[in-house]
Amino acid sequence: MRISKALIIFFLINNMITFDLIGQENETNKNNGPYTQLIIRGVTLINGNGAPPIGPVDIVVENNIIKEIKVVGYPGIAIDHKNRPKLKKGGKELHVDGMYLLPGFIDMHGHIGGEAQGADSEYVFKLWMAHGITTVREPSGRGIDYSLNLKKLSEQNKIVAPRIISYTAFGQTSEEFNPLNDAPISTPEMARQWVRSNAKNGADGIKFFGAEPEIMKAALDENKKLGLGSACHHAQMSVARWNVLHSARAGLTSMEHWYGLPEALFEDKTIQHYPLNYNYNNEQHRFEEAGKLWQQAAKPYSEHWNKVMNELIALDFTIDPTFNIYEASRDLQRARRAEWHEMYTIPSLWKFYQPSKISHGSYWHYWGTEQEIAWKKNYQLWMTFINEYKNRGGRVTAGSDSGFIFQLYGFAYIRELELLREAGFHPLEVIRSATLNGAEALMLDDKIGSVQIGKLADFVIVEENPLENLKVLYGTGAIKLTDNNEVVRVGGVKYTIKDGIIYDAKKLLEDVKQMVLVAKQKENFKIVQPGFKE
Ligand SMILES: [Zn+2]
């Protein structure tokens, strides 16, 4: 009697937890995999390994493992059904004839919404998944406990979310994990101790912002011994003593953004040419002067420029440029007025983007023609470096860093792909950066990053050819005029498949639209452009 009472309570609690989790779940997630057998029929495969498109292809998945990739015909010829993989009892067929299938995208720099942005994880995850992003490297924006908890739920597919690779911000502590009792890391030994505890806590790596050389050296050395990954945003406060080259030599596996790279390329100075009234905590100073930085570095293809690039490549160093997150600097209006803000940007995030002396990245105190022109030059020099880095065999990945500077989760990742294209990448090189290169940088290329027998079933399926127009990957699609002179929208990811589970990408977007609508109604919110009265 007693036992059964306890059992009933146990089941009740258990069911409440399940119910709670399903509350976050999308309808489409239920019973949509993984399947004992899933056959995806008739796609054109655009792989992440640089191979050209090929189709029609049938792809067979069992549970979460790719078992067969079979070319089943020729373009323009009816498929002979005799030679197609056979459906087993209990199996599932996905008829997507004529559509394009790519490996799931990897976003190498994805914060799961900061508290200041008011973006909760469901909102962020659905925007990512709706854009084909099945893996995210999360630089612990909201703390490692938060990130590791969501990572676990995602691993178990209890929530709609990409797989999460958690990189702890260096020095960050958690409830479980506070080896230094909140003391700031001030000695190499403390750095080593923190790094060991971080690994024990289950993190996948570390996100640095720069520190004193002896501390960086110790932390990177210890981290390397443990075989974990590392990323660094070389913030200006430490970069004069420790730039990208120091990091790469000490064992950093990837650099974020671009800071620290022009500094490694200085020839006629050792410190950025700061105006004398500069204050790093003034966001306009910070971003305006950053826009002049590449012009202070060695010229493209000069001896020093070549030397730095070749050394980084020899060290197998990954560059994750996150071009998109700075794009408002060269064209503020474009970023502010992106057509998706209306439907998909939640009010709290919209407010966070507005000019402010406090919010990070809201540096539009007075942003005009001069600042934009400087940043356009900055981009040209930066893109020249990144494209040549790729050409010489260096690894370049795709990361978004959304949630700042008018860049919206998911949408901004597709913009990143367009900017890699602008830098000079062939669309197939863009896709490789978005998939296999990311997998390699995460040391997960035996599991994800390309469509290969034995790897996990993470795919993006889209109706239009994304190589011809990357814009078809935007949730809002691309504008097209039909033969009847009608304006239509084409594209938008059709299905995102993660761990063999099929998600209807458009339904995920619809969920987001509803969330935004509810939030707007609650506070009677309307997007008003800054400085205008309604
Ligand atoms: Zn970031």
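As a starting point, this report considers the structure included with it. None of the values given here were measured: they were computed from a predicted structure.

## So, the overall build of the protein
From N to C terminus, the protein includes 19 helices and 18 strands. Referenced to the eigenvectors of the C-alpha coordinate spread, the extents of the protein come out at roughly 75 × 70 × 55 Å. Contacts spanning at least 24 positions in sequence make up 74% of the contacts within the protein whose residues lie at least 6 apart. Total accessible area on the protein stands at roughly 23,500 Å², and carbon and sulfur atoms take up 52% of it. Seen as two clouds, the 61 positive and the 63 negative side-chain charges of the protein have centres 2 Å apart.

## Examining helix 5 (residues 213-226)
For helix 5, with 14 residues, the first-to-last C-alpha span of 20 Å sits near the 20 Å given by 1.5 Å per residue. Considered for burial, the residues of helix 5 that qualify are Pro213, Ile215, Met216, Ala218, Ala219, Leu220, Glu222 and Asn223. Next to the buried residues of helix 5 lie helix 4 (188-200), strand 9 (205-208), strand 10 (229-232) and helix 7 (244-250). Phi turns positive, to about 80 degrees, at glycine 227, one or two residues after helix 5.

## Points about the coordination of the zinc ion
Around the zinc ion, the protein contributes the donor atoms His109 (NE2), His111 (NE2) and Asp401 (OD), at 2.0 to 2.5 Å from the metal centre. Motif for the zinc ion, donor spacing along one chain: H-x1-H-x289-D. Of this pair, histidine 111 sits in the loop between strand 6 (105-107) and helix 2 (121-130) while aspartate 401 is found in the loop between strand 13 (395-396) and helix 16 (411-423), placing the two residues 290 residues apart along the sequence.

## Structural notes on a nonpolar patch on the surface
Among the surface-exposed residues, Ile479, Leu481 and Val487 lie close enough to one another that they form a single nonpolar patch of about 330 Å² accessible area. Relative to the elements of secondary structure, isoleucine 479 occurs in strand 15 (residues 478-481).

## As for the nonpolar core
When a protein is soluble and globular, its nonpolar side chains tend to lie buried together. Counting residues in each nonpolar core, the largest one holds 129 residues, and the members touching the most others are Tyr123, Phe170, Phe385 and Leu408. If near-sequence neighbours (up to four positions away) are discounted, phenylalanine 385 is found in contact with Leu261, Leu265, Trp294, Trp305, Met309 and Ile319.

## Examining the packing of helix 16 against helix 17 (residues 427-434)
A pair of packed helices can be characterised by two numbers: the angle between their axes and the separation between those axes. In the contact formed by helix 16 and helix 17, the axes pass within 9 Å of each other and the chain directions differ by 135 degrees. In this view, helix 16 runs oblique relative to helix 17, as classed from their interaxial angle. Regarding helix 16 and helix 17, the two cross each other, and that crossing is right-handed. Residues Tyr413, Leu417, Leu420 and Arg421 of helix 16 touch helix 17, and the partners they reach there are Pro427, Val430, Ser433 and Ala434. Grouping the amino acids of the contact of helix 16 with helix 17 by side-chain chemistry returns 6 nonpolar, 1 polar and 1 charged.

## What to know about the packing of aromatic side chains
This structure, assessed with the given rule, holds 36 aromatic pairs. Measuring from centroid to centroid gives 5.9 Å for tyrosine 259 and tyrosine 326, while their planes differ by 85 degrees, and the two rings are edge-to-face. Of this pair, tyrosine 259 sits in the loop between strand 11 (254-256) and helix 8 (261-264) while tyrosine 326 sits in the loop between strand 12 (318-320) and helix 11 (327-330), and the two are 67 residues apart along the sequence. Here tyrosine 259 falls in the buried class, since its relative accessible area comes to 6%. The exposure class of tyrosine 326 is buried, given its relative accessible area of 4%. An aromatic cluster of three or more residues is present, and its members are Trp258, Tyr259, Trp294, Tyr301, Trp305, Phe323, Tyr326, Trp375, Tyr379, Trp382, Phe385 and Tyr389. Across from the ring centre of tyrosine 167, 5.0 Å away, lies the NZ or CZ of arginine 137, which sits over that ring. The ring of phenylalanine 425 is capped by lysine 390, whose NZ or CZ atom sits 4.8 Å from the centre of that ring.

## Focus on the pairing of strand 10
In regular strands, side chains alternate between the two faces of the sheet. The alternating pattern of strand 10 places Gly229 and Ala231 on one face and Ser230 and Cys232 on the opposite face, and all of these are buried. As judged from the 4 bridges shared by strand 9 and strand 10, these two strands associate in the parallel manner. Residue pairing for strand 10: phenylalanine 208 is matched across the bridge by cysteine 232. Regarding topology, helix 5 serves as the crossover connection from strand 9 to the parallel strand 10, and that connection is right-handed. Here 2 bridges tie strand 10 to strand 11, and the two strands are oriented parallel to one another. Bridging across to strand 11, cysteine 232 finds its partner in methionine 255.

## Some remarks on the layout of surface pockets
Roughly 450 Å³ of volume is contained in the largest pocket. For the largest pocket, the lining is made up of 28 residues, of which His111, Phe209, His360, Asp401 and Phe404 are closest to its centre. Taken together, the residues of the lining of the largest pocket sort by class into 12 nonpolar, 11 polar and 5 charged.

## A look at the side chain of threonine 135
Relative to the helices and strands, threonine 135 is located in strand 7 (residues 133-138). Threonine 135 sits in the buried class, given a relative accessible area of 0%. A polar side-chain atom of threonine 135 sits 3.3 Å from a polar atom in the side chain of arginine 163. For threonine 135, the residues in contact, after removing those within four places along its chain, are Phe105, Ile106, Asp107, Pro162, Arg163, Ile165, Leu442, Ile448 and Asp458.

## Some words on helix 3 (residues 144-155)
The terminal C-alpha atoms of helix 3 lie 16 Å apart, and with 12 residues this matches the ideal 16 Å at 1.5 Å per residue to within 8%. Of all the positions in helix 3, only Ile144, Ser147, Leu148, Leu150, Lys151, Leu153 and Ser154 are classed as buried. Just past helix 3, the residue asparagine 157 takes up positive phi, approximately 55 degrees.

## Focus on unusual backbone geometry
Omega for the bond connecting glycine 33 with proline 34 falls within 30 degrees of zero, at 0 degrees, which places this linkage in the cis form. Cis geometry marks the peptide bond from glycine 55 to proline 56, where omega comes out at 0 degrees. With respect to the element layout, proline 56 can be found in strand 2 (residues 54-63). Even without a glycine there, the phi angle at aspartate 401 is positive, about 60 degrees. Judged by relative accessible area, which is 8%, aspartate 401 ranks as buried.

Parameters and conventions
- Going along each chain's sequence as written, the residues are numbered from 1 onward.
- Owing to the predicted nature of the model, reporting of local features is limited to residues with pLDDT of at least 70; listing and counting of side-chain atom pairs is limited to 80 or more, with chain, interface and lining totals taken over all residues.
- Side-chain numbers here rest on the full set of heavy atoms in the structure, without hydrogens or water.
- Starting at the N terminus, helices and strands are each numbered in turn, a helix being any DSSP run of H or I of at least four residues and a strand any DSSP run of E of at least two.
- What makes two residues a contact is simply this: any of their non-hydrogen atoms within 4.5 Å.
- Residue-level accessible areas treat just the shown protein chains as cover; the underlying method is Shrake-Rupley with a 1.4 Å probe.
- Residues scored as positive are Lys and Arg, those scored as negative are Asp and Glu, and His as well as the terminal groups of each chain are ignored.
- Lys charges are placed at NZ, Arg charges at CZ, Asp charges at CG and Glu charges at CD.
- Any helix carries an expected span of 1.5 Å times its number of residues minus one.
- Remark: exposure states derive from per-residue accessible area (1.4 Å probe, protein chains only) relative to the maximum for the residue type, with buried under 20%, exposed over 50%, and partly exposed in between.
- Sites may look incomplete, because water is not among the atoms used; the donor set itself consists of N, O and S atoms within 2.8 Å of the metal (3.2 Å for Na, K and Ca).
- Like charges are joined within 9 Å and nonpolar side chains (Val, Leu, Ile, Met, Phe, Trp, Tyr) within 5 Å, but only among residues with over 30% relative accessible area and no salt bridge; these make up the patches.
- Between Lys or Arg on one side and Asp or Glu on the other, a salt bridge is scored when a side-chain nitrogen of the former is within 4 Å of a carboxyl oxygen of the latter.
- As used here, the term nonpolar core means buried Ala, Val, Leu, Ile, Met, Phe, Trp, Tyr and Cys residues forming a set that is joined through side-chain atoms within 4.5 Å.
- Whenever a helix is involved, its axis is fitted only over the stretch in contact; in every case the axis is a line through C-alpha atoms, and angles between N-to-C directions fall within 0 to 180 degrees.
- Under this scheme an angle from 65 to 115 degrees is roughly perpendicular, one under 35 degrees roughly parallel, and one over 145 degrees roughly antiparallel; angles in between are oblique.
- Working rule for handedness: look at the near helix, and if it is turned counterclockwise from the far one by less than a right angle, call the crossing left-handed; if clockwise, right-handed.
- Each residue receives one of three labels: charged for Asp, Glu, Lys and Arg, nonpolar for Ala, Val, Leu, Ile, Met, Phe, Trp, Tyr, Cys and Pro, and polar for the others, Gly being one of them.
- Two rings belonging to Phe, Tyr or Trp (six-membered ring only in the last case) form a pair when the distance between their centres is within 6.5 Å. Interplanar angles under 30 degrees mark stacking, angles over 60 mark edge-to-face geometry, and anything in between is tilted.
- Ring-over charges, as used throughout, are those where CZ of Arg or NZ of Lys falls within 6 Å of the ring centre and within 35 degrees of the ring normal.
- By this definition, two strands are paired if DSSP reports at least two bridges between them.
- Crossovers are marked right-handed if the path from the first strand over the helix to the second runs clockwise, as seen with the strands pointing away from the viewer.
- Only protein atoms enter the 1 Å grid, on which a cavity is a set of points fitting a 1.4 Å probe that cannot get out and a pocket is an open set with protein on both sides within 12 Å along at least 5 of 7 lines, lining residues being those with an atom within 4 Å of a point.
- Grid points are joined across faces, edges and corners, and a volume is the space filled by probe spheres set on the points.
- By the criterion applied in these results, polar contacts are pairs of N or O atoms within 3.5 Å in which, for protein atoms, one can donate a hydrogen and the other can accept it, and in which residues neighboring in sequence qualify only through two side-chain atoms.

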